[in-house]
Amino acid sequence: MSDPKPTYLSDYRPPAHRVTHAELSFDLDPAATRVKARLHVERHPEREAAEPLVLDGEQLTLEAIAIDGQPLGEDEYAVDEHGLTVHRVPERFQLDTEVTIAPQENTALEGLYQSNGMYCTQCEAEGFRRITFYPDRPDVMATFSTTVIGDVEREPVLLANGNPVERGTLPGGRHFVTWEDPFPKPCYLFALVAGDLEKVEDRFTTASGREVTLQIWVEEENLDKTDHAMASLKRAMRWDEETYGREYDLDLFMIVAVNDFNMGAMENKGLNIFNSAAVLTHPHTATDAAFQRVEGIVAHEYFHNWSGNRVTCRDWFQLSLKEGFTVFRDQCFSADTNSAPVKRIQDVAFFRTAQFAEDAGPTAHPVRPDHYIEISNFYTLTIYEKGAEIVRMLRNLVGWEAFRSGSDRYFERFDGQAVTIEDFVDCMAEASGQDLSQFLRWYSQAGTPEIDAHGEYDYAECEYRLTLRQRTPATPDQPEKLPLHIPIRMGLVGTKSGEDLTLTLEGEQLGRDTVIHLREEEQTFVFSDVAEAPVPSLARGFSAPVKLRFPYGREDLAFLLANDSDGFNRWDAGQRLALLALDDLIAAHRNGVEKVMDPRVVEAFRSLLAQADTTDDKAVLAEMLTLPSEAYIAEQQPLVDVDAIHAARTFVKQSLALALRDDFLAVYEANRSDAPYAPEPEQIGARSLKNVALAYLVAIEDDAGIEHAQQQFAADHNMTDVRHALTLLTHSSRDDLSDPALRAFGEKWAHDPLVMDQWFSIQVTRPQSDALERVRFLMDHPAFSLKNPNRVRALVGAFAGQNRVNFHRPDGQGYQLLADVVIELNRLNPEIAARLITPLTRWQRFDEGRQELMKRELERIRAEELSPNVYEVVEKALA
Ligand code: 0A1
Ligand code: ZN
């Protein structure tokens, strides 16, 4: 199976042959689907006449082949495990092939496969080669005409990209539909769906008056779970018109919900295919977070219609061209529709935990990698989220107006083309007149830049001198790093006034909030006319994806938490303050010394709680009252001690709860509501504030808290509240609280896989020492299947990724369990197997004993016959 040859960006060459039009026909059958393809092919004008035609193809059985109607003799072509070569072809011709494939045996979920009996496809990045012989690369763009033939009873619905142009019945209980997509597209955007589906339909009128039919296709029992996705879609369509001037371009836009899907969703032209978890919602089955995630993903896929489909990537090294830009677009959309500060806080909290860890580990890679073995391993936080941070920096560097005009230029100039990251950045440089050449290094240099900052206030001169020094640590293949252009948004907060001071830099007045540009390894910025001693507020809004260290004292942080005009940095000051306290407690735990709670943290929380009645953004307050996660705390430690981190964090939570018990209780009680559920910012804010308070109360097993949790569970008002209460009960040390609630929930929702996923996750993330045994036990549960990625993520992924104390059990059983599952999945679904290994790849961060145990499991995996996906990750992890 393993074929470890890397592909290099520097080897890129335009295709020797282009396909201008593809006519496909699928005669569906679970064991032997016949795929006929007629490709209209022409040679690239600059390529030699003697060049053979080379097409990609994997796991295909070739039944027939002809050029311009003439069947080829056996010596005229060759087929191997990677594809088809026709030795001599004319300059322009039609190639006809017929192949058979077996969708029912496809457990990798790439190409054409079956999910719950329905047929569906996943072609990004290189799945189309499992459907037919084709130049499977994004810079070959063709128009497609697709005929789908299925059984009238089993597959009443037959869908593909574009518009339906013909349908009819055939002998033997079969029928067909032909679809035409007028927009040239790369084959990774091809899609086909067939099955017994029902639809919900709506309409949208575009800004220029085009009438678009919107359809969401689901299994019948899910018809009541589509409202939110449909409303989100319409909001996203309007937003893209208003914000980017982008309209939808076909008469029909379809979304299909599929149970077995490797990722969140896929932007196939006119026919988006979604993981059911990323589209279905109902107040009784989905939490607020799930509602928000669905809104974001629906928008993300829709936005790809321009950033990805109309203008696509030249090659897969440019993946962040479409993903970074589209994530940035969906983040801004969600910020506009919900609480903007909370959206930013949540995105950054996740980014600093997960992307920073990726950037510091053995699989670190640049936002534009220069080589890969298996491209599906590169759908990473670096490509997506760091890519989005780079686009955000660009927007902030050039300003919104130039950014928008650069975006217009980009879409106009490159419509219908497959382009590069430079093409995008060039448009921004042209629109703004700025030199972005140093900025481009962000795309080629891996690793998280670290900035050490310090400042001095000169009372006599009324000057504040801020010195910033940047350094990017070495990453695999990149020992040396160059200085980056890093925009730092900042203010100086006067310690007397509590207000942002006017900033004067080298004689220039810059207002009270400005961006300074760090371009050298070290730079000192001298602010003059600083009337009082300030505390600097740096990298406001997380203005660059860096680790910024400043020697803040705890008083400084408490001061910023109370006074910073930037909401994001107020939150961050609170996190930094908590981290300082946690550091002491982690040390105390390790040294066996009694733990003492820092009163400054208690006082900071007391003042936060006092704002609960008056704040106009309860969701932000809820974030401020949330301690940094164990994973984020671990990120700050030189060597991760999972038990000390867990003990310290639990101690802080319990100390805060003991000291502020009445305040938490009051906040909980003031924020309950019987109003009918709506996934709207105000309700969501109140729910999150209430639920944060409840978590503190249950952490000390407060009687009133436990009773509230039980009532909240029993009241069954909405899934946000039910799930939160169930989690608190299950994660408490009291089995008398957790067992009955888990049983009731499991019985009630046995029929709903997406709810059972939540039931799995809640149990296997409990800190109690039986979590690992529960994972093993639940893997035999009838609702569990290794073949379904959502189940695997909910059970095994949640355990390994979120239950730090139990996954890292000193006896190594957590690692063993994960390796067992990876080994099995390596055969079934290599893409999911490769992703699941991630926690094991971080072995360098732990003590020697654990390092050995983790490496032993990686080596056990390496001894198997591996898919390229798993091979690449394991090799990097052990390199
Ligand atoms: N382009 C999709 C992500 C995606 C990538 C690969 C997939 O299957 C292997 C599926 C989806 C997006 O960004 O949403
Ligand atoms: Zn995407």
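Note that the structure is predicted; figures quoted are calculated from it, not measured.

All right, on to the overall build of the protein chain then. For the protein chain, the count of helices and strands is 28 helices and 33 strands. A compact globule built from 879 residues should have a C-alpha radius of gyration of about 29 Å, and the protein chain, at 28 Å, falls within 12% of that. Seen along its three principal axes, the alpha-carbon backbone of the protein chain occupies a region of about 90 × 70 × 60 Å. Here the protein chain holds 879 residues, and the buried ones make up 49% of them.

Here the UniProt-annotated "domain: Peptidase M1 membrane alanine aminopeptidase" (unreviewed entry) positions come out as residues 229-441. Within residues 229-441, the helical portion is 55% and the strand portion 9%, while the C-alpha atoms at the span's ends are 38 Å from each other.

Considering the arrangement of structural elements, one finds Ala 648 in helix 14 (residues 642-659). Once the C-alpha coordinates of Ala 648 and Arg 661 are considered, the two residues, 13 residues apart in sequence, prove to be 19 Å apart.

On the basis of which strands lie adjacent, the open sheet formed by 5 strands has the order 17-18-19-21-20 and mixed pairing. Each of the sheet's edge strands pairs with one partner strand only, and the pair in question is strand 17 (198-205) and strand 20 (265-266). As judged from the 8 bridges shared by strand 17 and strand 18 (residues 211-218), these two strands associate in the antiparallel manner. Its bridge partner lying in strand 18, Arg 203 is registered against Thr 213.

Moving on to the site of ligand 1. What surrounds ligand 1 is a group of 15 residues, the closest being Gln 122, Glu 124, Asn 262, Met 263 and Met 266. Secondary structure elements with two or more residues in the shell around ligand 1: strand 20 and helix 2 (288-303). Taken together, the residues of the shell around ligand 1 sort by class into 4 nonpolar, 5 polar and 6 charged.

Once that is clear, we can look at the packing of helix 3 (residues 319-337) against helix 5 (residues 381-398). With their axes 7 Å apart at the nearest point, helix 3 and helix 5 run at an angle of 70° to one another. Comparing the axis directions of helix 3 and helix 5 gives the class roughly perpendicular. In contact with Leu 319, Ser 320, Glu 323, Gly 324, Phe 325, Val 327, Phe 328 and Gln 331 of helix 3, helix 5 contributes Ile 383, Tyr 384, Glu 385, Gly 387, Ala 388, Ile 390, Val 391 and Arg 392. In terms of residue class, the contact of helix 3 with helix 5 is built from 9 nonpolar, 4 polar and 3 charged.

Let us now look at the sheet that holds strand 12 (residues 142-151). Strand order in the open sheet made by the 8 strands is 6-5-9-3-2-12-15-14, with mixed pairing throughout. In the strand order of this sheet, the two ends are held by strand 6 (70-71) and strand 14 (163-170), each with one partner.

Among the secondary structure elements, Gln 851 is positioned in helix 27 (residues 848-862). Using a count of 13 C-beta atoms within 10 Å as the deciding quantity, one classes Gln 851 as partly exposed. For the pair Gln 851 and Gly 83, spaced 768 residues apart in sequence, the C-alpha to C-alpha distance is 41 Å.

Let us look at helix 15 (residues 661-670). Residues of helix 15 that are buried: Phe 664, Val 667 and Tyr 668. Along the axis of helix 15, the buried residues cluster in a sector spanning 100°; they form a single face. Pointing more than 90 degrees away from the buried face of helix 15 are the exposed residues Asp 662 and Glu 669. Those residues of helix 15 hidden inside the fold are in contact with helix 11 (599-610), helix 14, helix 16 (681-699) and helix 17 (703-715).

In this section: the UniProt feature "domain: Aminopeptidase N-like N-terminal" (unreviewed entry) in the protein chain. Under the local residue numbering, the UniProt record ascribes the feature "domain: Aminopeptidase N-like N-terminal" (unreviewed entry) to residues 21-189. Overall, residues 21-189 shows 0% helix and 55% strand. The separation of its end C-alpha atoms is 14 Å.

Formed by 251 residues in total, the largest nonpolar core has its most connected members in Val 193 and Val 256. Not counting chain neighbours up to four residues away, the residues in contact with Val 256 comprise Cys 120, Leu 159, Val 193, Trp 217, Leu 271, Ile 273 and Phe 274.

Time to look at the environment of Ala 800. With respect to the helices, strands and loops of the structure, Ala 800 is situated in helix 22 (residues 789-802). Ala 800 sits 40 residues away from Leu 840 along the chain, and the two C-alpha atoms are 8.8 Å apart. With residues up to four places along the chain from it excluded, the contact list for Ala 800 reads Phe 807, Leu 818 and Pro 839.

What follows concerns the packing of helix 15 against helix 16. Packing of helix 15 against helix 16 brings their axes to within 8 Å, and their N-to-C directions diverge by 145°. Considering only the axes of helix 15 and helix 16, their crossing is left-handed. Of the residues in helix 16, those touching helix 15 at Arg 661, Phe 664, Leu 665, Val 667 and Tyr 668 are Leu 689, Lys 690, Ala 693, Leu 694, Tyr 696 and Leu 697. Residues that form the contact of helix 15 with helix 16 fall into these classes: 9 nonpolar, no polar and 2 charged.

A word on the pairing of strand 19 (residues 252-258). Across the 7 residues of strand 19, 6 count as buried, placing the element largely inside the fold. Sheet topology note: the strand 18/strand 19 ladder contains 5 bridges and is parallel. Opposite Ile 216, over in strand 19, you have Ile 255 as the bridge partner. Considered for its hand, the β-α-β crossover made up of strand 18, helix 1 (residues 227-244) and strand 19 is left-handed. Looking at chain direction, strand 19 and strand 21 (residues 271-275) are connected through 5 bridges and run parallel.

Okay, unusual backbone geometry next. Residue Ala 125 follows Glu 124 across a cis peptide bond; omega there is -5°. When you line up the elements, Ala 125 lands in the loop between strand 11 (118-122) and strand 12. Backbone geometry at Asn 116 places phi at a positive 50°, although glycine is not the residue there. In this fold, Asn 116 is placed in the loop between strand 10 (111-115) and strand 11. The phi dihedral of Cys 462 is positive, around 55°, even though this residue is not glycine. The residue Cys 462 is located in the loop between strand 25 (450-458) and strand 26 (463-471) in this model. With 14 C-beta atoms packed within 10 Å, Cys 462 lands in the partly exposed category.

Side chains Leu 84 and Val 86 project from strand 8 (residues 83-86) onto a buried face, and the interleaved Gly 83 and Thr 85 project onto a face without burial. Direction of pairing for strand 4 (residues 53-56) relative to strand 8: antiparallel, over a ladder of 4 bridges. Counterpart to Asp 56 in the pairing with strand 8 is Gly 83. Alignment of strand 7 (residues 77-80) against strand 8, held across 4 bridges, turns out to be antiparallel. For Asp 80, the partnering residue across the bridge sits in strand 8 and is Gly 83. Taken together, strand 7 and the strand that follows it, strand 8, pair antiparallel across an intervening segment of 2 residues.

This part takes up helix 27. With 15 residues, helix 27 extends 21 Å between its outermost C-alpha atoms, agreeing within 8% with the 21 Å of an ideal straight helix rising 1.5 Å per residue. Looking only at helix 27, the buried set comprises Leu 853, Met 854, Glu 857, Leu 858 and Ile 861. For helix 27, the angular spread of the buried residues around the axis is 135°, confining them to a single face. Among the exposed residues of helix 27, those pointing more than 90 degrees away from its buried face are Glu 848, Gly 849 and Glu 852. Against the buried residues of helix 27 lie helix 24 (813-828), helix 26 (838-841) and helix 28 (868-878).

Cut-off values and rules
- Residues numbered from 1 in each chain as written.
- Chains lettered and ligands numbered in written order.
- Predicted model: local features only at pLDDT ≥ 70, side-chain atom pairs only at ≥ 80, totals over all residues.
- Helix = DSSP H or I, 4+ residues; strand = E, 2+ residues; numbered from the N terminus.
- Rg over C-alpha atoms; globule rule 2.2 N^0.38 Å.
- Buried ≥ 20, exposed ≤ 12 C-beta atoms within 10 Å, placed from the backbone.
- UniProt positions renumbered as here; feature names shortened; annotations may be inferred.
- Pairing = 2+ DSSP bridges.
- Near = placed C-beta within 6 Å.
- Nonpolar A, V, L, I, M, F, W, Y, C, P; charged D, E, K, R; others polar.
- Axes fitted to C-alpha atoms, helices over the stretch in contact; angles between N-to-C directions.
- Parallel < 35°, antiparallel > 145°, perpendicular 65-115°, else oblique.
- Contact = placed C-beta atoms within 7 Å.
- Arc of directions from axis to C-beta.
- Core = buried A, V, L, I, M, F, W, Y, C linked by C-beta atoms within 7 Å.
- Left-handed = near helix turned anticlockwise from the far one by under 90°.
- Right-handed = clockwise from strand over helix to strand, strands pointing away.
- Expected span 1.5 Å × (residues − 1).

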